[in-house]
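Here are the chains, one letter per residue:
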Amino acid sequence: MLSTQEATMGDTDTGPPLLQVENLHVRFETRSGHIDAVNGISYHLDRGESLGIVGESGSGKTVSVQAISRLLPTPPAIIEGRIFLDGRDILQMDGESLRLIRGNRIAVIFQDPMTSLNPVLKIRRQMTEAVRTHLGLRRRSASKLACDLLGRVGIPDPRRRLDDYPHQFSGGQRQRIGIAMALMCEPDILIADEPTTALDVTIQAQIMELVADLQDELRLAVLWITHDLGVAANLVQRVMVMYAGRIIETGPTRAIFGRPNHPYTLGLLRSLPRPGTYSRLASIRGQPPDLSDLGDGCHFEPRCDWARAECLQAFPDPTTLENRMVACYASDEVAAERTD
């Protein structure tokens, strides 16, 4: 189990973390039993920092950040652990307190720009509703702020386009509108949940550059959720690799991608296409585990080329070296391998 050891790893003298997650568990009760989606993760996020959470589908990335903003319905979700925002436990907040932080201190850019906007409401209303609620701005002031932000994210003729409906914008423009909406209340934390997945490559690059520029300008703390390691390599300072609901490796992005210590991270990096080469892509054999029957051992063991007897007996305790962490019995051997 990953403990507060990882959560405090890499702390600086900048003061306490803006966000501190401690031993977070999320499970879902279903008719066929319970599903362990997140299994005891701990990490922190500092002001102005960018943290990437990577892993394949089903690894627990999105569920873990949905727990932060309390977007998971309970039931069927059961959330345990502690999530501190500036020292206050979000999991202990009542409905009114949660309403004050959602969209105000924590904002989300959703994955699909096609469905994240209400199709029957004009953009003006969708953008100004939150800022009028949280900041008490009058209609004219809220509209001016919305217009300014639309211009900042690259929507041409923003004053006129405030009165358009979502279907009158392209997919890339809708995602830019989603970013502008997320910034309306000047949040401390921006959660970007795979916001470029539904966009073409050129628009993806524009959206990533936009978020990075806004982070620098506004000193946002950004949690970037992605299955694309190329995205993480270009955008985040630290990366956290998840598998079967656990953090299996974390540390500075350059260190993790330059010399991974976990077989899963190594497999992900080897599966990336190499520019200028035409060799067959490598793949990780096997399938992700059944989250309803994880067992006591390492969840990656059936797919691992370094598996040994102890991997079947207990999940490895995390080991920390300087500012990075790995949970693997064979980490030294893996670190000696090349990523290509």
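I will try to describe carefully the structure that is included in this document. It should be emphasised that the depicted structure is a prediction, and the values quoted were computed from it without experimental measurement. (Residues numbered from 1 in each chain as written. Predicted model: local features only at pLDDT ≥ 70, side-chain atom pairs only at ≥ 80, totals over all residues. Heavy atoms only, no water.)

Our focus in this paragraph is the overall build of the protein. Assigned secondary structure in the protein consists of 13 helices and twelve strands. Taken over the C-alpha trace, the protein has a radius of gyration of 21 Å; the compact-globule value for 340 residues is 20 Å, and the two agree within 12%. Across its three principal directions, the C-alpha atoms of the protein cover 65 × 50 × 45 Å. Taking all 340 residues of the protein together, 51% fall into the buried category. Contacts in the protein between residues at least 24 apart in sequence constitute 65% of all its contacts with a sequence separation of at least 6. The average position of the 37 basic charges and that of the 43 acidic charges among the side chains of the protein differ by 9 Å. (Helix = DSSP H or I, 4+ residues; strand = E, 2+ residues; numbered from the N terminus. Rg over C-alpha atoms; globule rule 2.2 N^0.38 Å. Buried < 20%, exposed > 50% of the residue type's maximum accessible area, 1.4 Å probe, protein only. Contact = heavy atoms within 4.5 Å. Lys, Arg positive; Asp, Glu negative; His and termini not counted. Charge placed at Lys NZ, Arg CZ, Asp CG, Glu CD.)

A general feature of soluble globular proteins is that nonpolar side chains tend to end up buried together. Residues Ile123, Met127, Leu150, Ile179, Leu190, Trp224 and Tyr264 are the most contacted members of the largest nonpolar core, which totals 64 residues. Of all hydrophobic cores here, the second largest spans 37 residues; its members include Leu18, Phe28, Leu45 and Ile101. (Core = buried A, V, L, I, M, F, W, Y, C linked by side-chain atoms within 4.5 Å.)

Bringing the sheet that holds strand 2 (residues 33–45) into the picture now. Strand order in the open sheet formed by four strands is 2-1-4-5, and the pairing between neighbours is antiparallel. In the strand order of this sheet, the two ends are held by strand 2 and strand 5 (88–89), each with one partner. (Pairing = 2+ DSSP bridges.)

Because an α-helix completes one turn every 3.6 residues, residues spaced three or four positions apart along the sequence face the same direction. With 13 residues, helix 4 (residues 123–135) should reach 18 Å at 1.5 Å per residue; the first-to-last C-alpha distance of 19 Å fits that figure. The sharpest bend along helix 4 reaches about 25 degrees and sits at glutamate 129. Ile123, Gln126, Met127, Thr128, Val131 and His134 are the residues of helix 4 that are buried. On its buried side, helix 4 packs onto helix 3 (95–101), helix 5 (139–152), helix 6 (158–161) and helix 7 (171–183). Directly beyond the C-terminal end of helix 4, a positive phi value near 70 degrees is found at glycine 136. (Expected span 1.5 Å × (residues − 1). Bend = angle between axes of the 7 residues up to and from the residue.)

Turning our eyes to something else, we now look at the packing of aromatic side chains. What the rule picks out here adds up to three aromatic pairs. With centroids separated by 4.6 Å and ring planes inclined at 55 degrees, the aromatic side chains of tyrosine 243 and tyrosine 264 adopt a geometry described as tilted. Taken together, the positions of tyrosine 243 in strand 9 (residues 238–243) and tyrosine 264 in helix 11 (residues 263–270) put the pair 21 residues apart, joining distant regions of the chain. Side by side, tyrosine 243 and tyrosine 264 carry an identical accessibility label, which is buried. Taking the centre distance of 5.5 Å and the plane angle of 65 degrees together, the rings of tyrosine 264 and phenylalanine 300 count as edge-to-face. On the criterion of sequence distance, the pair formed by tyrosine 264 in helix 11 and phenylalanine 300 in the loop between helix 11 and helix 12 (309–313) is long-range, its members being 36 residues apart. Across this residue pair, the class does not change: tyrosine 264 and phenylalanine 300 are buried. (Phe/Tyr/Trp six-rings, centres within 6.5 Å; stacked < 30°, edge-to-face > 60°.)

Quick look at unusual backbone geometry now. Residue threonine 74 is joined to proline 75 through a cis peptide bond whose omega torsion reads -10 degrees. With respect to the helices and strands, proline 75 occurs in the loop between helix 2 (61–68) and strand 4 (77–85). Cis geometry marks the peptide bond from proline 75 to proline 76; its omega dihedral reads 10 degrees. With respect to the helices, strands and loops of the structure, proline 76 is situated in the loop between helix 2 and strand 4. Unlike most non-glycine residues, glutamate 194 shows phi in positive territory, near 45 degrees. Given a relative accessible area of 10%, glutamate 194 falls into the buried group.

Quick look at the environment of lysine 122 now. For lysine 122, the position within the fold is in the loop between strand 6 (106–109) and helix 4. Owing to a relative accessible area of 35%, lysine 122 belongs among the partly exposed residues under this scheme. C-alpha separation for the pair lysine 122 and histidine 167, spaced 45 residues apart in sequence, amounts to 10.0 Å. Not counting chain neighbours up to four residues away, the residues in contact with lysine 122 comprise Leu162, Asp163, Asp164 and Tyr165.

Looking now at the pairing of strand 7 (residues 189–193). On a regular strand, each side chain points to the face opposite its neighbour's, so the side chains alternate between the two faces of the sheet. By the criterion of burial, strand 7 is predominantly enclosed, with five of the five residues buried. Burial along strand 7 is two-sided: the residues Ile189, Ile191 and Asp193 and Leu190 and Ala192 are all buried. Across four bridges, strand 6 lies against strand 7 in parallel orientation. Bridging from a neighbouring strand, isoleucine 109 pairs with alanine 192 of strand 7. Where strand 7 lies against strand 8 (residues 221–226), five bridges are found, and the strand directions are parallel. Residue pairing across strands places isoleucine 191 opposite leucine 223, the latter belonging to strand 8.

Read across the open sheet, the eight strands follow the order 6-7-8-3-9-10-12-11; overall the sheet is mixed. Both edges of this open sheet fall to strand 6 and strand 11 (319–321), since each of them pairs with a single strand only. Between one strand axis and the next, the sheet turns through 20 degrees on average, direction left out of account. Summarising the sheet, strand 3 (residues 50–54) and strand 8 pair through five bridges and their orientation is parallel. In the sheet register, serine 50 faces strand 8, and the bridge partner there is valine 222. Its contacts with the sheet put helix 11 on strand 9 and strand 10 (246–252), and the angle it makes with strand 9 is roughly 105 degrees. (Axes fitted to C-alpha atoms, helices over the stretch in contact; angles between N-to-C directions.)

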